[in-house]
There are 2 protein chains.
Amino acid sequence: MEKFITVLQDIKTLFNRSLSELSIDCVVFGFHDEQLKVLLLRAKGSDSWMLPGGWILKTEHLEDAAYRILKERTGLGSIFLQQFHTFGANNRYNGREIMARLGLPPEQNFFPERAVSVGYYALVEYSLVEPQTDMMTDECRWWDVNEIPELLFDHNEIASRALKALRKQFDHEALGFNLLPEKFTLVELQRVYETILGLKKGGLDRGNFQKKILGYGFLERLDERKTGGAHKSPYLYRIDPAKYGAYLRENE
Amino acid sequence: MEKFITVLQDIKTLFNRSLSELSIDCVVFGFHDEQLKVLLLRAKGSDSWMLPGGWILKTEHLEDAAYRILKERTGLGSIFLQQFHTFGANNRYNGREIMARLGLPPEQNFFPERAVSVGYYALVEYSLVEPQTDMMTDECRWWDVNEIPELLFDHNEIASRALKALRKQFDHEALGFNLLPEKFTLVELQRVYETILGLKKGGLDRGNFQKKILGYGFLERLDERKTGGAHKSPYLYRIDPAKYGAYLRENE
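It should be emphasised that the depicted structure is a prediction, and the values quoted were computed from it without experimental measurement. (Residues numbered from 1 in each chain as written. Chains lettered and ligands numbered in written order. Predicted model: local features only at pLDDT ≥ 70, side-chain atom pairs only at ≥ 80, totals over all residues. Heavy atoms only, no water.)

Asker: Looking at this structure, I do not really get the pairing of strand 5 (residues 82–87) of chain B. What am I missing?
Answerer: A regular strand carries its side chains on alternate faces of the sheet. Residues and elements named next belong to chain B. When you tally the buried positions in strand 5, you get five out of six residues, the bulk of the element. Judged from the five bridges that link them, strand 5 and strand 6 (residues 116–125) form a sheet pairing that is antiparallel. Across the sheet, residue Q82 finds its bridge partner in strand 6, namely Y121. (Buried < 20%, exposed > 50% of the residue type's maximum accessible area, 1.4 Å probe, protein only. Helix = DSSP H or I, 4+ residues; strand = E, 2+ residues; numbered from the N terminus. Pairing = 2+ DSSP bridges.)

Asker: Would you mind going over the packing of helix 5 (residues 186–196) of chain A against helix 6 (residues 206–215) of chain A with me for this structure?
Answerer: Packed helices, taken two at a time, are described by their axes: the angle between them and the distance between them. Residues and elements named next belong to chain A. For the pair helix 5 and helix 6, interaxial distance at closest approach is 11 Å and the crossing angle is 95 degrees. Relative to helix 6, the element helix 5 lies roughly perpendicular. Residues L186, V187, L189, Q190 and Y193 of helix 5 lie in contact with helix 6, whose contacting residues are R206, F209, Q210, I213 and L214. Of the residues that constitute the contact of helix 5 with helix 6, the class distribution is seven nonpolar, two polar and one charged. (Axes fitted to C-alpha atoms, helices over the stretch in contact; angles between N-to-C directions. Parallel < 35°, antiparallel > 145°, perpendicular 65-115°, else oblique. Contact = heavy atoms within 4.5 Å. Nonpolar A, V, L, I, M, F, W, Y, C, P; charged D, E, K, R; others polar.)

Asker: Would you explain unusual backbone geometry in this entry?
Answerer: Leaving glycine out, the prevailing phi sign among residues is negative, and the prevailing peptide bond configuration is trans. Residues and elements named next belong to chain A. Despite not being glycine, D33 has its phi angle at roughly 50 degrees, a positive value. With a relative accessible area of 60%, D33 lands in the exposed category. Look at E34: it is not a glycine, yet its phi comes out positive at around 60 degrees. According to the relative accessible area criterion, E34 is partly exposed, its value standing at 39%.

Asker: Help me understand the packing of aromatic side chains, please; the structure alone is not making it clear to me.
Answerer: Aromatic rings considered in pairs are described by the distance between their centres and by the relative angle of their planes. Here the structure, examined in full by the defined rule, presents 24 aromatic pairs over all chains. Here A:Y216 and A:F218 contribute two aromatic rings whose centre-to-centre distance is 5.5 Å and whose plane-to-plane angle is 5 degrees, an arrangement assigned as stacked. By the burial criterion, A:Y216 is buried, and A:F218 matches it. Taken together, a centroid distance of 5.9 Å and an interplanar angle of 65 degrees make the contact between B:F84 and B:F87 edge-to-face. (Phe/Tyr/Trp six-rings, centres within 6.5 Å; stacked < 30°, edge-to-face > 60°.)

Asker: Quick question: what am I supposed to make of the domain arrangement of chain A here?
Answerer: You'll often see interface size given as the accessible area lost when the parts meet. Residues and elements named next belong to chain A. You can read the domains of chain A as domain 1 (2–170) and domain 2 (174–250). Residue-level contacts link 11 residues of domain 1 with 11 residues of domain 2. Taking both partners together, domain 1 and domain 2 bury about 1100 Å²; carbon and sulfur atoms supply 71% of that area. Summed over the three residues of domain 1 that lose the most area to domain 2, namely F31, E34 and F170, the buried surface amounts to 61% of that side. Here R191 ties to E34 by a salt bridge, and the two come within 3.0 Å at their closest N and O atoms. Linking domain 1 with domain 2 are two residue pairs in polar contact (both at pLDDT 80 or more), by the criterion used here. Within the residue set of the side of domain 1 that touches domain 2, elements represented by two or more residues are strand 2 (35–43), strand 6 (116–125) and helix 4 (155–173). Top contributing element to the side of domain 1 that touches domain 2 by residue count: helix 4, with four residues. Taken together, the residues that form the side of domain 1 that touches domain 2 break down as six nonpolar, two polar and three charged. (Domains from an automatic or database assignment. Buried area = accessible area lost by both parts, 1.4 Å probe. Salt bridge = Lys/Arg side-chain N within 4 Å of Asp/Glu carboxyl O. Polar contact = N/O pair within 3.5 Å; in protein donor to acceptor, adjacent residues only side chain to side chain.)

Here it is in structure tokens:
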């Protein structure tokens, strides 16, 4: 309980330093071994799950706030965050409700009356990162995107909109290469796309997929084949960094 | 001067009713006759141009605020607004600077110290709308997107990012059809795309363009040709509404 009171006092102090009506929520997707997951936090002493989020400071650039908050809440740094939507339903957050949920008198509410939240998402290879809890959470772990539990506030909507944005961007901006080793086969690449897009194995037509991917113009076929599989050895490919850079600039 | 003081008092009252750190800016693009323009306001008694924008009220849904503000500042209603980015550089807006610009003592600043702004854009056929000034502006008119003057705050950045978002969405989501009469030729459609994408006549390859457009699967070729041109009469096309609806739902 003493710890709890300290936390509350920290929150009060935070609101004096923050743009009190504006928060940030981060949707971190983790890809590994043909699975797509999302990082969720369980609030201290409760069964309630939520996205990692926090309040923007008065003097802070919005982007800086996003990186700081993600780092503070999950321990994750050096991850590219992409802003995707701002959530502003007038009933999405209510300070008095939160007081009541914490067992505190709503009339003494020190949380904002309402808040608008800017959503950011990220995509990481989740075997490469180690999320950590902060003092406001008991647990911080990956959930399969198809098994997200009921979340606090409008966080289910935020997560689902982030997934849509990720899939759209992924499809248009050829992001799949970040999730593979330096040399890969076109079938491996196809599986990455199918996983992110929520399709089963073979859900994308192989011929069309390869035509599209090679049409980007930055894949280089190596004089090398992948060996060890059951079938005939497929060619390995890699990205031509200069051509990929040019492609990204053109499609920014 | 009396009018000016009334306006200031109105602004003070507004801040008591608003989420004082959060504003909305609207970038309205107007398409007509192979030209793409953007709607700008000239602030009362000044030479400074800006985007139509305003403050979100405490009890107001973010989307409702966007429509209300656009209506109040330009007279335009019934236009689909699309949120595209939230701008939060910590130096993008400064209440004291605005006081100084208005010839008022900065230490009596009643504007927010800083503000984060949510950007919305719209695309209209500009011969169909009639923008009007409000009491804070002297002029409200269309500017060619290639001749946008220096704007207040970070509004040049907001406008240029909106244009990028419009072009991206236009290209991916087949929006060109909204800007044509019911029956049109593929060449007319190509000119709409070229104009929005900032390309000169013939900037898109005709064969590739027609392949892409027909590939969407919702265009229907009529047994009817456009007559009156100098060359051989091209076929007219129209949209199959059911197929177009299915396409939009799939690509939402």
